[in-house]
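Residue strings, one per chain:
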Amino acid sequence: MHIFFSKYIHIFAIRSASLTQNNHGSMEEACTSSVFTLSISEMYGLCGQPVAVDLVNNKTVCGDVFTFDPISHSVVIIVFACNAEPKKIRVIPGISIKHLRKLNGEQLPDGCIKKTPELEHWLGRLLRTAPQSSKQQILERRKRLVEWLEQNQIRVKNNNDGSVSVFGVMRIVAPFTIEDCFCDNAVILSRMKRLISKVPEMSSL
């Protein structure tokens, strides 16, 4: 398999590393429940599993789970081609997800492949090789981000989970890069990403 999307892997590397390897969660509950009700162990148990993600806009994304963000409940899905090669990666914000359904059986929809030990090994290797930031680096990046936004006359709200919100519609989560911004308004998202990309010395962290 080609690791053609390695630039995306760092997005969830820190938070994925915190997922416990206790795989005793109830998979029956995980099949149809909202991602916001999943425990950490249930999230870990779904990694590598073929799933169908039903969105609030009534669309469905099918693929295999790469990882979860336990803070925002966003899901990273790898969509596979018919030859079992990775085709693309989808980062789905938790607020956009209505239901997540675990798929079983031999007849899987397009985009999915069966979970195998080889697939688990490949996914695990991607996470282990992902560049990671220390807790101190994340805190420093967050501080610089907030200062930069306030310097540009943008009011920032600090959330209890450590994330920050702007304009009441956009959320930025750790590790606070341009890939960690979530907003349903494409115009605001694009403009904010451009602004965040100019945070002084952000790229050095």
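All values reported here derive from a predicted model rather than from experimental measurement.

Conventions used here
- Residues numbered from 1 in each chain as written.
- Predicted model: local features only at pLDDT ≥ 70, side-chain atom pairs only at ≥ 80, totals over all residues.
- Heavy atoms only, no water.
- Helix = DSSP H or I, 4+ residues; strand = E, 2+ residues; numbered from the N terminus.
- Buried < 20%, exposed > 50% of the residue type's maximum accessible area, 1.4 Å probe, protein only.
- Contact = heavy atoms within 4.5 Å.
- Areas by Shrake-Rupley, 256 points an atom, 1.4 Å probe, with all protein chains shown as cover.
- Pairing = 2+ DSSP bridges.
- Axes fitted to C-alpha atoms, helices over the stretch in contact; angles between N-to-C directions.
- Parallel < 35°, antiparallel > 145°, perpendicular 65-115°, else oblique.
- Left-handed = near helix turned anticlockwise from the far one by under 90°.
- Salt bridge = Lys/Arg side-chain N within 4 Å of Asp/Glu carboxyl O.
- pLDDT = per-residue confidence, 0-100.

A.B. asks: Which residues make up the overall build of the chain, and what are the values?
C.D. replies: A tally of regular secondary structure across the chain gives 7 helices and 9 strands. Looking at the chain residue by residue over its 205 residues, the buried ones come to 48%. Counting contacts in the chain only where the partners sit at least 6 residues apart, residues at least 24 apart contribute 57% of the total. As displayed, the chain has an accessible area near 11100 Å², and 50% of this comes from carbon and sulfur atoms.

A.B. asks: Which residues make up the sheet that holds strand β5 (residues 97–102), and what are the values?
C.D. replies: Taken together, the 5 strands give an open sheet; going across it, the order is β4-β3-β2-β1-β5, and neighbouring strands pair in antiparallel fashion. Single-partner strands in this sheet number two, and they are β4 (86–92) and β5. The mean angle between the axes of side-by-side strands here comes to 40°, regardless of whether they run parallel or antiparallel. Across 5 bridges, strand β1 (residues 50–55) lies against strand β2 (residues 60–68) in antiparallel orientation. The residue bridging Val53 from the neighbouring strand is Val61, located in β2.

A.B. asks: Go over the packing of helix α6 (residues 135–151) against helix α7 (residues 186–196) with me, naming the residues and quoting the values.
C.D. replies: Contact pair α6 / α7: the axes reach a minimum separation of 11 Å and the direction vectors enclose 110°. As the angle between them shows, α6 and α7 are arranged roughly perpendicular. Considering how the two elements wind past one another, α6 and α7 form a crossing that is right-handed. Contact residues: α6 offers Leu145, Trp148 and Leu149, while α7 offers Met192, Leu195 and Ile196.

A.B. asks: Quick one: what's the story with the pattern of salt bridges, residue by residue and with numbers?
C.D. replies: Applying the stated criterion to the full structure yields 2 salt bridges. Here Asp54 makes a salt bridge to Arg101, at a shortest N to O gap of 2.8 Å. With Asp54 in strand β1 and Arg101 in strand β5, this residue pair connects regions lying 47 residues apart in the sequence. With its nearest N and O atoms 3.1 Å apart, the salt bridge here joins Arg144 to Glu140. Of this pair, Arg144 and Glu140 both sit in helix α6, separated by 4 residues, roughly a single helical turn.

A.B. asks: A description of the confidence of the model for the chain should follow, citing residues and the corresponding values.
C.D. replies: Of the residues in the chain, 77% reach a pLDDT of 70 or more, and the chain-wide mean stands at 77. Between the elements of the chain, mean pLDDT differs from a low of 40, seen in helix α2 (residues 13–17), to a high of 94, seen in β1. Segment residues 1–30: pLDDT under 50, and 80 contacts once partners within four positions in sequence are set aside and those in other chains are kept.

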